[in-house]
Amino acid sequence: MLATFLIGLREGLEAALVVGILVAYLRRLGRGDALPRLWAGVGLAVALALGIGAVLTFGAYSLTFEAQELIGGLLSLLAVGMVTWMIFWMQKAGRTMKATLEGGLDRALTQGGIWALIAIGFVSVAREGIETTLLLWSMVQSFGDAPSALLGAVLGLLAAVVIGWLLARGAVRLDLRRFFTWTSGFLVIVAAGVLAYAIMDLQEAGALPGPFTAAAPIDAATGAVALGWAAFPFGWAFDVTNVIAPDSAWATVLQATVGFMPRMTWLQVAAWAVYMVAVGFFFLRGLRSRRPASPRTQTPEGRDASAPTLTQQGAV
């Protein structure tokens with residue numbers, strides 16, 4: 001629940017801030033008449049995310065086990081790719097997001113019609129919605145505890161809406177730079193765990209060599225799939241299920257926080273380690289390369305605040 005709560009909070013707050021910028025700009029221009037069209041686009045984006053979640057949840061029941069694992073693995077890889085791209089894109093484009101959004105609204109108001117404003121609202125939220133849906137779905141599949149995971153996500157999204165509204169009203173001040181930096185670092189770790197789970201799905205589907213395929217090394221003494229260095233590269237790297245039960249609270253916490261599973265294959269361990277080293281290196285380098293010159297910030301309406309915002313200083 002904690003992991004999905006933080007994901008819902010982080011992604012939901014990012015979307016709430018984007019919508020807050022758009023709404024504040026329209027009000028500043030005196031174009032309150034355009035707000036219903038903007039909200040219609042936002043509503044369509046939310047409906048799309050919910051629809052994708054429903055299809056992923058209920059659409060795979062009629063498939064074979066291998067097909068379910070193959071689809072699950074591929075979608076998890078897609079979620080990892082989207083999260084990774086979003087983290088680095090925000091590091092680069094976060095400073096100019098406000099100007100970009102306002103410029104898009106200007107063009108929609110002067111050159112477009114009703115559909116242009118709907119498209120602005122839709123595109124501004126759809127990317128976050130689809131990314132969140134795929135990531136949460138992958139995590140629910142890996143945790144195996146859908147009610148708790150979904151409850152955490154819903155609570156996180158609700159908290160994001162409330163915080164976004166309070167920020168827009170100037171009723172609360174939040175160090176958004178620090179918030180998004182820490183949560184983006186958390187997302188790097190979560191994405192590494194989702195990647196490891198995706199590798200397991202693809203191995204179970206037979207799309208990648210592993211303990212479930214003919215490529216698995218066999219222990220001559222036991223006749224089972226080999227374990228440890230003798231199992232490299234397509235067997236089990238380790239198996240501590242006798243110490244940490246796969247369905248225990250500790251296993252869930254470790255998987256949600258650092259991507260650890262009581263039993264992992266060598267391909268999973270290698271994918272997790274390579275992702276953490278490579279993405280973590282570039283993430284930390286991006287943080288060092290964008291030190292702010294001034295701590296001054298504004299709320300979405302333009303009022304001064306004590307902490308940097310997503311749009312002015314860069315969220316992640």
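Above this text sits the structure in question.
Description of the structure in this document.

1. Quick look at helix α1 (residues 2-28)
Item 1. When the terminal C-alpha atoms of α1 are compared, their 38 Å separation across 27 residues agrees well with the 39 Å that a helix rising 1.5 Å per residue should span.
Item 2. Within α1, 22 of the 27 residues are buried, leaving the element largely enclosed by the surrounding structure.
Item 3. Two residues or fewer after α1 comes glycine 30, characterised by a positive phi angle close to 75°.

2. With respect to unusual backbone geometry
Item 1. Note that the residue after phenylalanine 232, namely proline 233, is joined by a cis bond; omega there is 5°.
Item 2. Relative to the assigned elements, proline 233 resides in the loop between α7 (176-204) and β1 (236-239).

3. Focus on the environment of leucine 227
Item 1. With respect to the helices, strands and loops of the structure, leucine 227 is situated in the loop between α7 and β1.
Item 2. When its relative accessible area of 47% is taken as the criterion, leucine 227 is described as partly exposed.
Item 3. In contact with leucine 227, not counting residues within four places along its chain, are Trp236, Ala237, Phe238 and Asp239.

4. Brief notes about empty space enclosed by the protein
Item 1. Within the structure shown, the criterion is met by two cavities of 30 Å³ or more.
Item 2. Volume-wise, the second largest cavity comes out at about 80 Å³.
Item 3. Surrounding the second largest cavity, 13 residues form its lining, Ser142, Val190, Gly193, Val194 and Gln255 being those nearest its centre.
Item 4. Listing elements by their share of the lining of the second largest cavity, those giving two or more residues are α5 (114-143), α7 and α8 (249-258).
Item 5. Ranked by residues supplied to the lining of the second largest cavity, first place goes to α7 with five residues.
Item 6. Of the residues that constitute the lining of the second largest cavity, the class distribution is eight nonpolar, five polar and no charged.

5. Digging into the packing of aromatic side chains
Item 1. By the definition in use, this model includes five aromatic pairs.
Item 2. Here the aromatic rings of phenylalanine 238 and phenylalanine 260 are separated by 5.6 Å at their centres, their planes lie at 5°, and the arrangement is stacked. With phenylalanine 238 in strand β1 and phenylalanine 260 in the loop between α8 and β2 (263-265), the pair connects residues that are 22 residues apart, well separated along the chain.
Item 3. Residue class for phenylalanine 238 comes out partly exposed when judged on its relative accessible area of 23%.
Item 4. In textbook terms, an aromatic cluster arises when at least three aromatic residues are bridged by ring pairs, as seen for Trp229, Phe232 and Trp266.
Item 5. One Lys or Arg, arginine 263, reaches over the ring of tryptophan 236 and ends 4.0 Å from the middle of that ring.

6. Quick notes on a nonpolar patch on the surface
Item 1. On the surface, Met1, Leu151, Val154, Leu155 and Leu158 cluster together into a nonpolar patch covering about 440 Å² of accessible area.
Item 2. Counting through the fold element by element, leucine 155 comes out in helix α6 (residues 146-169).

7. With respect to the environment of threonine 64
Item 1. Within the fold, threonine 64 resides in the loop between α2 (35-58) and α3 (65-93).
Item 2. When the C-alpha atoms of threonine 64 and alanine 205 are compared, they prove to be 9.9 Å apart, with 141 residues separating the residues in sequence.

Definitions and limits used
Residues numbered from 1 in each chain as written. Predicted model: local features only at pLDDT ≥ 70, side-chain atom pairs only at ≥ 80, totals over all residues. Heavy atoms only, no water. Helix = DSSP H or I, 4+ residues; strand = E, 2+ residues; numbered from the N terminus. Expected span 1.5 Å × (residues − 1). Buried < 20%, exposed > 50% of the residue type's maximum accessible area, 1.4 Å probe, protein only. Contact = heavy atoms within 4.5 Å. 1 Å grid on protein atoms, 1.4 Å probe; cavity = no way out; pocket = protein on both sides within 12 Å on 5 of 7 lines; lining within 4 Å. Points joined across faces, edges and corners; volume = space filled by probe spheres on them. Nonpolar A, V, L, I, M, F, W, Y, C, P; charged D, E, K, R; others polar. Phe/Tyr/Trp six-rings, centres within 6.5 Å; stacked < 30°, edge-to-face > 60°. Lys NZ or Arg CZ within 6 Å of the ring centre and 35° of its normal. Patch = residues over 30% accessible without salt bridge, like charges linked within 9 Å, V, L, I, M, F, W, Y side chains within 5 Å. Areas by Shrake-Rupley, 256 points an atom, 1.4 Å probe, with all protein chains shown as cover. Salt bridge = Lys/Arg side-chain N within 4 Å of Asp/Glu carboxyl O.

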